Every structure is written in C-alpha cells, then in structure tokens.
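# Fold and contact review
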Amino acid sequence: MASADVTVRFAPSPTGRLHVGNGRVALLNWLYARKFGGRFILRHDDTDTERSTEEFVQAIELDLTWLGLSWDARYRQSERRDRYAAGLDRLVAAGRAYPCFESAEELSLKRKTQLAAGRAPIYDRAALKLTARECDQFEAAGHKPHWRFLVDAKPVQWDDVIHGPMRFSGSDLSDPVLVREDGTPLYTFTSVVDDGEMGITHVIRGDDHLANTAVQIQLFQALGAAVPVFSHLALFTGAGGEGLSKRLGSLSLSGLRDQGIEAMAINCLLARLGSSDPVEPVEHLADLVAGVDLSHFGRAPAKFDPEELTALNHKVLQKLPYATVRDRLAALGVPGDAGAFWDAVRPNLTTLNEAADWVRIAQGPIAPVVEDPAFAAAAAQLLPAAPWGEQTWSDWTHAVGSATGAKGKKLFRPLRLALTGREHGPEMMKFLPFIGRERAAARLAGETA
Ligand code: GLU
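Quick summary incoming for the structure in this document. Since the structure is predicted, the reported quantities are computational estimates derived from the model, not experimental observations. (Residues numbered from 1 in each chain as written. Predicted model: local features only at pLDDT ≥ 70, side-chain atom pairs only at ≥ 80, totals over all residues. Heavy atoms only, no water.)

### With respect to the pairing of strand β7 (residues 164-169)
Just so we agree on the cut-off: One bridge is not enough; two strands pair if DSSP finds at least two bridges between them. For the purposes of this entry, the term helix denotes a DSSP run of H or I that reaches at least four residues, the term strand denotes a run of E that reaches at least two, and both are numbered from the N terminus.
Sheet analysis places strand β6 (residues 155-160) next to β7, joined by 6 bridges and oriented antiparallel. In the sheet register, Asp 160 faces β7, and the bridge partner there is Gly 164. From the end of β6 to the start of β7, which pair antiparallel, there are 3 residues.

### Thoughts on the nonpolar core
As a reminder, the rule being used: Take the buried Ala, Val, Leu, Ile, Met, Phe, Trp, Tyr and Cys residues and link them wherever side-chain atoms come within 4.5 Å; each set so joined is a nonpolar core. Working definition: with a 1.4 Å probe on protein chains only, accessible area under 20% of the residue-type maximum means buried, over 50% means exposed, and in between means partly exposed. A contact between two residues is defined here by any heavy atoms of the two lying within 4.5 Å.
Counting residues in each nonpolar core, the largest one holds 87 residues, and the members touching the most others are Val 20, Leu 31, Phe 304, Phe 341, Trp 396, Leu 419 and Phe 431. Among the elements that line this core, the one with the most residues is helix α1 (residues 20-35), at 9 residues. Residue contacts for Phe 304: discarding those within four places in its chain leaves Val 20, Phe 236, Thr 237, Gly 238, Ala 239, Leu 244, Leu 251, Leu 269, Leu 270, Leu 273 and Leu 309. By size, the runner-up hydrophobic cluster in this structure holds 29 residues, among which are Trp 158, Phe 189, Ile 217 and Leu 223.

### Quick notes on the environment of Leu 320
Along the chain, the position of Leu 320 falls in the loop between α11 (306-319) and α12 (322-331). Look at Leu 320 and you get buried, because its relative accessible area is 6%. Residues Leu 320 and Asp 172, spaced 148 residues apart in sequence, show a C-alpha to C-alpha distance of 53 Å. With residues near it in sequence (within four places) discarded, Leu 320 still touches Glu 262, Glu 283, Val 325, Trp 342 and Arg 346.

### With respect to the site of the ligand
Convention followed: We call a residue near a given molecule or strand whenever any one of its heavy atoms falls within 4 Å of it. What qualifies as a polar contact is a pair of N or O atoms within 3.5 Å, subject to a donor-acceptor requirement within protein and to the restriction that residues adjacent in sequence count only when both atoms come from side chains. Areas reported here follow the Shrake-Rupley algorithm with a probe of radius 1.4 Å; residue values treat only the protein chains shown as occluding.
Looking at the ligand, the residues that line it are Arg 9, Ala 11, Ser 13, Asp 45, Tyr 187, Ser 191, Arg 205 and His 209. Contact between the ligand and Ser 13: a nitrogen atom at 3.0 Å from a side-chain N or O atom of the residue. Contact between the ligand and His 209: an oxygen atom at 2.8 Å from a side-chain N or O atom of the residue. Alone, the ligand offers 300 Å² of accessible surface; in the complex the protein occludes 82% of this.

Put into structure tokens, the structure is as follows:
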C-alpha cells in the first residue's frame, strides 16, 4: 500500500471526559498517520443522543488539542443520519438486514431462557420468518421495526496486528441490531458505514471491541467496503489491576492537566506503555513518530501507574525550554528573572505547579530553621552587599567557612535551613539571589520573613 493511503480515525463517544486509555488510542492513531504520511480523522460517535453532549464534544477536542493531536478532518455521526439510512437500504436490498418487532421485554425473556438452558444468547431469528403481511400488520398496529443484520454462518478471520490470527464462526454470532425502533442507528453499524465511506485503512482501538470485529467485518463486506487492518490494543488496568473507567477523574486527561502533568509526559508514556519499546522522555510529539510500531504491543493488559507518569513528568520538565513554560510560570507569580528562576528550581519539580512553592519560599514569609543562632549571626555579618548574582553564594560561604571553620555539610546545611526552612531544595547558588539580602539577613536572625 502506498503510504499516503493510510487513513485512521479516533472515534470517541462524547458521553464523558477522555481518560488515559482513550488518550492512548487517539495518540497511537495520530502517530500512525504521521509515520506513514496519512490522515487522522476525528469522528464523534454521538448517535446516542441521550448520553452524548456538546460539552463533552468540546472537552474531547480541548484534551486532544492539549496533547498536541490535530486532525485532518472532523465528523459527527449525528450529522450523518442520511448515510446510515442509505446503508440500511442497501443491506435490505441485498437481503442482509431484516425488520424485527419484538419488544425489549420479549427479547430479555428470550435471552434469560437461553442462558438458563446453558445456551449462548444468540438471537433466534424469529423475525426472519415473518411474512410481509405480518410485518404490515405490526406496523398498522403502531409498532415500528428495529433492524437486524443477517450474519453469515461462514467463518470470519482476520490477522490482528496485536492479537494475531483471529477466527470466529459466523454461527456463533448473534444478528446485531443496526437501527432501533426510534430510528437511532447503533455503533456496530454506524462505525462500519463511516469507516467504509471515509476510507479508513487501519482501525486502532481497544481490545474491548475485539468481539465486535467479526460482525463488523461481515458488515464491511455486505456494504461492499474494503476491510481495514485491525490493531486491538490491550486495555490498561490501574496499578492494582482494576479496570480504568471513564469516571476515574484522576486519570482523565483534564484531571492530569489540573494536577500539572505535562501533555508530553502523558504522550511519552502512552506511546510506549504496553509495548516492548522503552518509554523515553522526549520534548516533541514528532520525536515519538518514527518509533511507533503497533506490532510491538502485547496482548496482556498493561498497568497504568500514576507514579510512573509523575517520574516521567519530572524528566520531561528538565527538557522544556523556558520559552515553553514562560506563560505558565508567569501565572504562578515567578519573581524577577523568571528564566533564571526556572533554571534554579526545575531539577526539584515533579510538576511545574510546584514552582509556586519555591516562589513562596523565595519571597516569604517563611519560618526559618535556625539551630545555632551564633553561627547564623556570624554568617549574617558576612552577607555580601547587593546586587546578588550566581557568584554570591560561593563568595559568601567561603567567607563564612573561613570565619567559623565550618565546612561541608556543617557549613551548607544550617545556611540552607535558615534561608529556606527546608533540608533540601534547589542549588543555593542559583536560588539565593531570589531570596535577596534583606530577607536572608532576617531569616538568619530567626525572623519570619
Ligand atoms: N465510539 C467507540 C468507542 O468509544 C469507538 C470504537 C471504535 O474505535 O470503533 O469505544
């Protein structure tokens, strides 16, 4: 296949916020398109009008944009009802779709009876036996049909990029409902109509859809559309092995954004987690493109560990140039030369938001920790005159060392504790100028400043 022919899609249902599992599907589709010079389509699967909302459509687009994923085309299934109606007409004409009139209660009873008898809940095709006259009678009595696809009993096979050779017997599949009584077309059907019409060459999605694929392949064939290549990704589990649900707020992309996690940290993890390729902190999405290989993903569920993400976030932060973070630092009230401040504090940050803690520590007021007031007073006497720069700390600590005889940890620890109130923190050489002479003197005197 010429690489320019690659067309993929991300097809979220706008019934909730995106979580890391959805983000990963979007990202891998996007990376795949970029790697092969293809197209990435965003398609909102919003035919479920009761659960889909405009807010979620907007939120999904915001989250994708935040990750850096742009789309080459955008569709909403709710605007394509005529395509699904036309698709159904074609299937009916080909004898592959048929009207059914059972009520939800009748169907539920059938299912229960089958399950109680130890049989798979496969639709019994009672409606196939209805004559045209009987169908007319139902309609005349005010019943609207729902429509089912007539599954072929022959085996369905495909070579899944991740799951390998897959084989289902058509006779084990239940005829799926394509369109409800109220005219609402359902996912199994709309997805195939769209994938066919949009020329989707590769379907990359979660393996919770593996079972749908056999029926969908028959649908592609019945509609005369090319069957795409399928890659079904094993779903993530939480660190404790539990499933990730859309409602898991802390693992929603927006929740992670609010926690101050970098989009690129998420991208770096999601691009590789569950594959045999190493997770690497890189600065740009483009750096992830060449390395994406779906055949390297495993069949076993991968654990999504928020701590791994946090550790990666720290590494990604070390790569971000000041220009990238300038506006966000300004919003945190970073003082003076914010570029130098960034340089000073970033080795100590897990998330960028934590820079605000160091702003507070630099500008005070903080309660200093002075364990030896005489030593602190001697050090205060030797504070160099302003202005202060990166040389100040070294000049000052040399002088304090000579005057008091303290060196190493005995010299540096009490000064850091007095000046920052903390045992650990940024390199004092870089951080001291942000405290400034006046506050430093006050803190060394044990004053809250
Ligand atoms: N709307 C479906 C979902 O969110 C799309 C699945 C697919 O990619 O076909 O699960």
